[in-house]
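Examining the three-dimensional arrangement
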Amino acid sequence: TNGKTTTTTLVGEILKNYFKEVFVVGNIGTAYTGVAMDTTESSYIVAETSSFQLETVDEFHPKVSAILNLTPDHLNRHHTMEGYVNAKKNIMMNQTTEDFVILNYDDPLTKAIGETAAPQVIYFSGTQVLENGYYFADEKIFCSENGKAEEICSAGDLKILGLHNMENIMAAVAMARCVNVPMDTIRKTITAFTGVEHRIEFVTEKRGVAYYNDSKGTNVDATLTAIRALEKNIVLIAGGDGKSQDFAPLGQKLAGSVKHLVLLGRDGPAIAEAAENAGFESITYGSDMGDCVRKAFGLAQEGDSVLLSPACASWDMYDNFEQRGDHFKEMVRKLGV
């Protein structure tokens, strides 16, 4: 559900640093069909695939697949969580025992998928030491085989923040190792990686306040991930097309991390209701993105962070999340110092 674009981008960077012909395609922005005629037998394709695309796959057969996590999203299309999960599982439809699937050990849904998967299963975990697989412990990422662990890197070596990004990195490393990329190449790539635009992207600092663009936070779980990454003293801008989500989990997690909630868009009131039901009352409405940014600027104090992480799709106000994120950055840069 979350982390696909960051992981796809990172896998692409790793492979480009080792193989001659690498194409990064799919839901990330370049259609697979747009490069198909340029590929050869020696090409490596890194494809981000959405549940919408996976609904109708027939002969799609990746050598290595990954399901990073599964949380409620696009239920206005898939109707039930079971339907959504089944669409995601189609990524393995044609995989065999000669192939690999990378799965999140900490997510009950993805862990369960591994118990009956046809391809070879490789788990990663952000919370548990694994006998076999990749795990994050003591602020370091390890690869373990039969209980023998090799350190890959420390969190301090990396340029991207948050446990969710440690998980993305582990998944990317696992995928690259499945196609025999040397660990030295992998280490050099992941320690140089600065992240992806619109994913907890640092924009600027003004009056001691840091501004972050997480416009790709289009569902509740993605916004909770961004809140966890920044931890506290957050002025959160949220709202948009809620895609029939339940905002209660977001409302319950605001206290202690978010100081003020600035809302916009069609489903801003639904987020406000969830927040108020959880006892959170520091809520302001903005008429548009510019108004929200100006209000956040007025509310934030030195040491705070202003975070755009809408927990909603952008379609009620923008063509896409990129346009929304670009507008946020434009409005931030126009603020007075």
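Residues numbered from 1 in each chain as written. Predicted model: local features only at pLDDT ≥ 70, side-chain atom pairs only at ≥ 80, totals over all residues. Heavy atoms only, no water.

1. Examining the overall build of the chain
Heads up, the rule is: For the purposes of this entry, the term helix denotes a DSSP run of H or I that reaches at least four residues, the term strand denotes a run of E that reaches at least two, and both are numbered from the N terminus. When we talk radius of gyration, it's over C-alpha atoms, and the globule rule is simply 2.2 Å times the number of residues to the 0.38. Should any heavy atoms of two residues lie within 4.5 Å, those residues are considered in contact. For accessible areas, the Shrake-Rupley method is used with a probe of radius 1.4 Å. Any residue's cover is judged against the shown protein chains and nothing else. Residues counted as positive are Lys and Arg, residues counted as negative are Asp and Glu, and His and the chain ends are not counted. A charged residue contributes its charge at one atom only: NZ of Lys, CZ of Arg, CG of Asp or CD of Glu.
On a plain count of helices and strands, the chain comes out with 13 helices and 14 strands. Taken over C-alpha atoms, the radius of gyration comes to 20 Å for the chain, in line with the 20 Å a tight globule of 337 residues would show. Based on the C-alpha atoms only, the size of the chain along its principal axes is roughly 55 × 40 × 40 Å. For the chain, restricting intrachain contacts to residue pairs at least 6 apart in sequence, the fraction spanning at least 24 positions comes to 62%. Carbon and sulfur atoms make up 46% of the accessible area of the chain, which amounts to about 15,400 Å² in all. Side-chain charges of the chain comprise 30 positive and 45 negative groups, with the mean position of each set lying 4 Å from the other.

2. Digging into the sheet that holds strand β7 (residues 140-145)
For clarity, the threshold we go by: Being paired, for any two strands, means DSSP has found at least two bridges between them. Each axis is a line fitted through C-alpha atoms, and for a helix only the stretch in contact is used; angles between axes span 0 to 180 degrees, taken between their N-to-C directions.
Here six strands make up an open sheet; going across it, the order is β3-β4-β5-β6-β7-β8 and the pairing mixed. Strand pairing shows two members of the sheet lacking a second neighbour, β3 (64-67) and β8 (148-154), which therefore form its edges. If you compare each strand with its neighbour and ignore which way they point, the axes differ by 20° on average. In this structure, strand β6 (residues 133-137) lies alongside β7, joined through five bridges in antiparallel fashion. Counted as the bridge partner of Tyr134 is Cys143 from β7.

3. Re the packing of helix α1 (residues 4-16) against helix α8 (residues 183-192)
Two quantities define a packed helix pair, namely the angle between the helix axes and the distance between the axes. Cut-off, in case you're wondering: In this scheme, roughly parallel covers angles under 35 degrees and roughly antiparallel covers those over 145, while 65 to 115 is roughly perpendicular and the rest are oblique. Each helix crossing is assigned a hand: it is left-handed if the near helix lies turned anticlockwise from the far helix by less than a right angle, otherwise right-handed if that turn is clockwise. Just so you know the grouping, Ala, Val, Leu, Ile, Met, Phe, Trp, Tyr, Cys and Pro go in nonpolar, Asp, Glu, Lys and Arg go in charged, and all remaining residues, Gly too, go in polar.
One way to put it is that α1 packs onto α8 with a least axis distance of 9 Å and a crossing angle of 130°. The angle between the axes of α1 and α8 places the two elements in the oblique class. The two elements α1 and α8 cross, and the hand of that crossing is right-handed. In contact with Leu10, Glu13 and Ile14 of α1, α8 contributes Thr185, Ile186, Thr189 and Ile190. Class assignment of the residues belonging to the contact of α1 with α8 gives a composition of four nonpolar, two polar and one charged.

4. Describing the environment of Cys178
Here Cys178 lies in helix α7 (residues 163-178). Note: C-alpha distance between Cys178 and Val64 (114 residues apart in sequence) is 7.1 Å.

5. Some thoughts on the packing of aromatic side chains
Stated precisely, the cut-off is as follows: Only centres within 6.5 Å qualify two rings of Phe, Tyr or Trp (six-membered ring in Trp) as a pair; their planes then separate them into stacked at under 30 degrees, edge-to-face at over 60, and tilted for everything else. Only protein chains enter the accessibility calculation, which uses a 1.4 Å probe; a residue whose area is less than 20% of its type maximum is buried, one above 50% is exposed, and one in between is partly exposed. For a ring to carry a charge above it, either NZ of a lysine or CZ of an arginine must fall within 6 Å of the ring centroid while also lying within 35 degrees of the normal to the ring plane.
Tallied over the entire structure, the rule returns five aromatic pairs. With a centroid separation of 5.0 Å and an interplanar angle of 75°, the aromatic rings of Tyr18 and Phe19 are classed as edge-to-face. The exposure class of Phe19 is buried, given its relative accessible area of 16%. Ring plane angle 85° and centroid distance 5.2 Å describe the contact between Tyr105 and Tyr123, whose orientation is recorded as edge-to-face. Here Tyr105 is found in the loop between β4 (100-104) and α6 (108-114), whereas its partner Tyr123 is found in strand β5 (residues 120-125), with 18 residues between them in sequence. A relative accessible area of 15% means that Tyr123 is categorised as buried. Through successive ring pairs, a cluster of aromatic residues spans Tyr18, Phe19 and Tyr44. Just above the ring of Phe297 sits the side chain of Arg207; from NZ or CZ to the centre is 4.0 Å. Cation over ring: Lys216 sits above Phe321, and NZ or CZ is 5.5 Å from the ring centre.

6. So, the pattern of salt bridges
Condition: Criterion for a salt bridge: a side-chain nitrogen of Lys or Arg within 4 Å of a carboxyl oxygen of Asp or Glu.
Inspection of every chain in the model, using the stated rule, returns 12 salt bridges. We note a salt bridge from Asp99 to Lys63, for which the minimum N-O separation is 3.9 Å. Within this pair, whereas Asp99 is found in the loop between α5 (81-89) and β4, its partner Lys63 is found in the loop between α3 (51-54) and β3, the two being separated by 36 residues in sequence. Exposure remark for Lys63: the relative accessible area of 42% places this residue in the partly exposed category. Asp304 is the salt-bridge partner of Lys259, the closest N and O atoms lying 3.0 Å from each other. Of the two residues, Lys259 sits in strand β12 (residues 258-263) while Asp304 sits in the loop between α12 (289-299) and β14 (305-308), which places them 45 residues apart along the sequence.

7. Considering unusual backbone geometry
One non-glycine residue, Asn180, lies in positive phi territory at about 65°. With phi around 60°, Ala311 is a residue other than glycine that occupies positive phi space. Residue placement: Ala311 occurs in the loop between β14 and α13 (321-333). The exposure class assigned to Ala311 is buried, which follows from its relative accessible area of 0%.

8. A look at α1
Selection criterion: Residue count minus one, scaled by 1.5 Å, sets the expected span of a helix.
If you check α1, its first and last C-alpha atoms are 18 Å apart, about what 13 residues at 1.5 Å a residue would give, namely 18 Å. The inward-facing, buried residues of α1 contact β1 (22-26), β2 (44-48), α5, α7 and α8.

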